[in-house]
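The lines below spell out each chain.
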Amino acid sequence: MSQQNLTIEHSGNLALTVTGTHTVGFDRDPDMWFEDGNVVIVAQHTAFRVHRGPLSRHSVVFQDLFNISQPLVNSTVSDDVYDGCPTLHVTDTVCDSKRFLGAIYDGLGYMVPASLTQFSVLASLVRMGHKYQLDLILDESLRRLKTVYNPDFSVWEPHQGRSNGVVELQNEDAIEAFNLFCLVDRPEMLPTALYACCNLDTHVLLHGWQRSDGSTLEKLSMEDLELCLNARPELQALDAQLAAQLYDVAPSESCQDGVRCGHTLSSQRRGLPSAFWDILGYQPLTRYLIDAVEVLGAQEQLCPSCVDMLRGGTWTQGLKYGIICRKLWVCETKGGPQADVKIDTSISDGNGAVLTRLQYIPGYDRSKYDNRLDSS
């Protein structure tokens, strides 16, 4: 069996290694095997027979690869053929390659606009869109992921980094998401992904999490792992502070039953210490306490005015829960450094400052990631 290796440098920071080999025994992918295809792409042990035209049209990287790698790609009589077609061996996984080719052939229809898209699909398209410079696919995939990992409090808060109506994901996907955002230079999406990582099981943080393809282990770097582990006690302390302070208040000025609400607030304060072991975690922004307040309201142990006071009104008011949550968000003056960020200006402290950037990871330094990305 003969073999040729060709490494092509593209855009200064991307190296594609194409291996020409007389190959037998590969599995043909049933969905991406076109009898009239004129090039075979081999990823791991799976072969895709596709067309050079669409690949070249949508990806400047493939266009350059096909041009620069002549006569390797045009050869039909050398050893570098499979089923009569020139062959390109790529280092991508089968899963990423198939999703990438599906997006090439089906366009954005591959991700039906109204449908719920699996995180793993979007992650594949981000990696491949970045590597092969398919900006349309890359941008649309990141747009969807940003509905989950968003620095705008009003966008992030309703689902708090979990599945929403756009993206379906597992908690453990946060590790892959964080690594993806480092890869494609999206520093504004890093803090929410890192916050989600802080809430993972310690075993997962230490040993990593398999991608959906089952062949790739995603792990945090030692530096980021250390940041998560150091942040967790501080996040738990914030959670305890929130729980302890929530009921440490007199009934609302507009309370409709001061005796009943006063008794409920006092009872909740006394019961919190014994419940700490069950309720405390590393998610001080979780709504579990607000859910408990609303249950007390539904059971008529608190009047509507006291419920509204405890839950912070619309979460934008300067009331108990809203204040603590907002302390974990950065207030920046309009027209300041982050003025380019689209924000909900109704989330304001009343003094012209708006809640925009997430910065509640103790020790998080965005400039560190900016510097890392600049040097990569």
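Since the model is a prediction, treat every value here as computed from it, not as a measurement.

Asks: Help me out: how do you make sense of the overall build of the protein chain in this one?
Replies: Summing up its helical and strand segments, the protein chain has 15 helices and 13 strands in all. Scored against the burial criterion, the 376 residues of the protein chain give a buried share of 49%. For the protein chain, the proportion of contacts with a sequence separation of at least 24, taken over those separated by at least 6, is 64%. By element, 51% of the accessible surface of the protein chain is carried by carbon and sulfur atoms, the whole surface being about 17600 Å².

Asks: Teacher, can you tell me more about the pattern of salt bridges here?
Replies: Side-chain pairing between opposite charges can occur once the charged atoms of the two side chains come close. Summed over all chains, the structure comprises 13 salt bridges. In this structure, Glu-140 and Arg-144 form a salt bridge, with 2.8 Å as the shortest nitrogen-oxygen distance. A residue pair is termed a helical-turn pair when its members lie 3 or 4 positions apart in one helix, as Glu-140 and Arg-144 do in helix H5 (residues 135-146) at 4 residues. In this structure, Arg-211 engages Glu-218 in a salt bridge whose closest nitrogen and oxygen atoms are separated by 2.7 Å. This pair shows no difference in class: Arg-211 is buried, exactly as Glu-218 is. One continuous salt-bridge network, built from bridges that share partners, spans Asp-96, Arg-127, Glu-176, Arg-211 and Glu-218.

Asks: How do you make sense of the nonpolar core when you look at a structure like this?
Replies: Counting 38 residues, the largest nonpolar core has Phe-119, Leu-145, Tyr-149, Phe-178, Phe-181, Cys-197 and Leu-220 as its most contacted members. Breaking this core down by element, the ones donating at least two residues are helix H4 (119-131), H5, helix H7 (173-183), helix H8 (190-198), helix H9 (202-207) and helix H10 (222-246). When neighbours within four sequence positions are excluded, Cys-197 is seen to be in contact with Ala-174, Ile-175, Phe-178, Leu-205, Leu-220 and Cys-228. Core analysis: the next-biggest nonpolar cluster, separate from the first, contains 23 residues, Leu-55, Phe-100, Ile-104 and Ile-137 among them.

Asks: What is the right way to read unusual backbone geometry from this model?
Replies: Excluding glycine, residues mostly carry a negative phi; peptide bonds, for their part, are mostly trans. The backbone of Gln-160 shows a phi angle near 55°, a positive value even though the residue is not glycine. With respect to the helices, strands and loops of the structure, Gln-160 is situated in the loop between helix H6 (153-156) and strand E9 (167-168). In this structure Gln-160 comes out as buried when scored by relative accessible area, which is 10%. Located in the positive-phi region is Asp-185, a residue other than glycine, with phi close to 60°. Relative to the helices and strands, Asp-185 resides in the loop between H7 and H8.

Asks: How do you make sense of the side chain of Ser-305 when you look at a structure like this?
Replies: Position of Ser-305 relative to the elements: it lies in helix H13 (residues 304-310). Of the polar contacts made by the side chain of Ser-305, one reaches the backbone oxygen of Ser-254; its length is 3.3 Å. A polar atom in the side chain of Ser-305 sits 3.3 Å from the side chain of Gln-256. Apart from the residues lying within four places of it in its own chain, the contact partners of Ser-305 are Ser-252, Ser-254, Cys-255 and Gln-256.

Asks: Sorry, what's going on with the state of the cysteines here?
Replies: Inspection of the entire model under this criterion finds 0 disulfides. Between Cys-228, a free cysteine, and Cys-198, which holds the nearest cysteine sulfur, the sulfur-to-sulfur gap is 3.9 Å. Note on Cys-228: relative accessible area 0%, which makes it buried. Residue Cys-306 stays outside any disulfide, its sulfur separated by 3.7 Å from that of Cys-303, the closest cysteine.

Asks: Looking at this structure, I do not really get the environment of Thr-117. What am I missing?
Replies: Relative to the elements of secondary structure, Thr-117 occurs in strand E8 (residues 117-118). The exposure class of Thr-117 is buried, given its relative accessible area of 6%. Taking C-alpha positions, Thr-117 is 8.5 Å from Arg-144, a pair spaced 27 residues apart along the chain.

Asks: What am I meant to see in the packing of H10 against helix H12 (residues 288-298) here?
Replies: The geometry of H10 relative to H12 is characterised by a closest axis approach of 11 Å and an angle of 20° between their N-to-C directions. Comparing their axes, H12 and H10 come out roughly parallel. Crossing angle aside, the handedness with which H10 passes H12 is right-handed. Residues Asp-239, Leu-242, Ala-243 and Leu-246 of H10 touch H12, and the partners they reach there are Tyr-288, Leu-289 and Val-293. Along the lines of polarity and charge, the residues of the contact of H10 with H12 split into 6 nonpolar, no polar and 1 charged.

Asks: In this structure, what is going on with the pairing of strand E5 (residues 46-50)? I would like to understand it.
Replies: Within a regular strand, side chains alternate between the sheet's two faces. Across the 5 residues that make up E5, a large majority, 5, are buried. In this sheet, E5 lies alongside strand E3 (residues 27-33) in parallel orientation, the contact comprising 3 bridges. By the bridge assignment, Asp-27 is partnered in E5 with Thr-46. Counting the residues that bridge the hairpin from strand E4 (residues 39-43) to E5 gives 2 residues, and of these Gln-44 lies at a positive phi of roughly 55°.

Here is what the cut-offs are and how they apply
Residues numbered from 1 in each chain as written. Predicted model: local features only at pLDDT ≥ 70, side-chain atom pairs only at ≥ 80, totals over all residues. Heavy atoms only, no water. Helix = DSSP H or I, 4+ residues; strand = E, 2+ residues; numbered from the N terminus. Buried < 20%, exposed > 50% of the residue type's maximum accessible area, 1.4 Å probe, protein only. Contact = heavy atoms within 4.5 Å. Areas by Shrake-Rupley, 256 points an atom, 1.4 Å probe, with all protein chains shown as cover. Salt bridge = Lys/Arg side-chain N within 4 Å of Asp/Glu carboxyl O. Core = buried A, V, L, I, M, F, W, Y, C linked by side-chain atoms within 4.5 Å. Polar contact = N/O pair within 3.5 Å; in protein donor to acceptor, adjacent residues only side chain to side chain. Disulfide = S-S within 2.5 Å. Axes fitted to C-alpha atoms, helices over the stretch in contact; angles between N-to-C directions. Parallel < 35°, antiparallel > 145°, perpendicular 65-115°, else oblique. Left-handed = near helix turned anticlockwise from the far one by under 90°. Nonpolar A, V, L, I, M, F, W, Y, C, P; charged D, E, K, R; others polar. Pairing = 2+ DSSP bridges.

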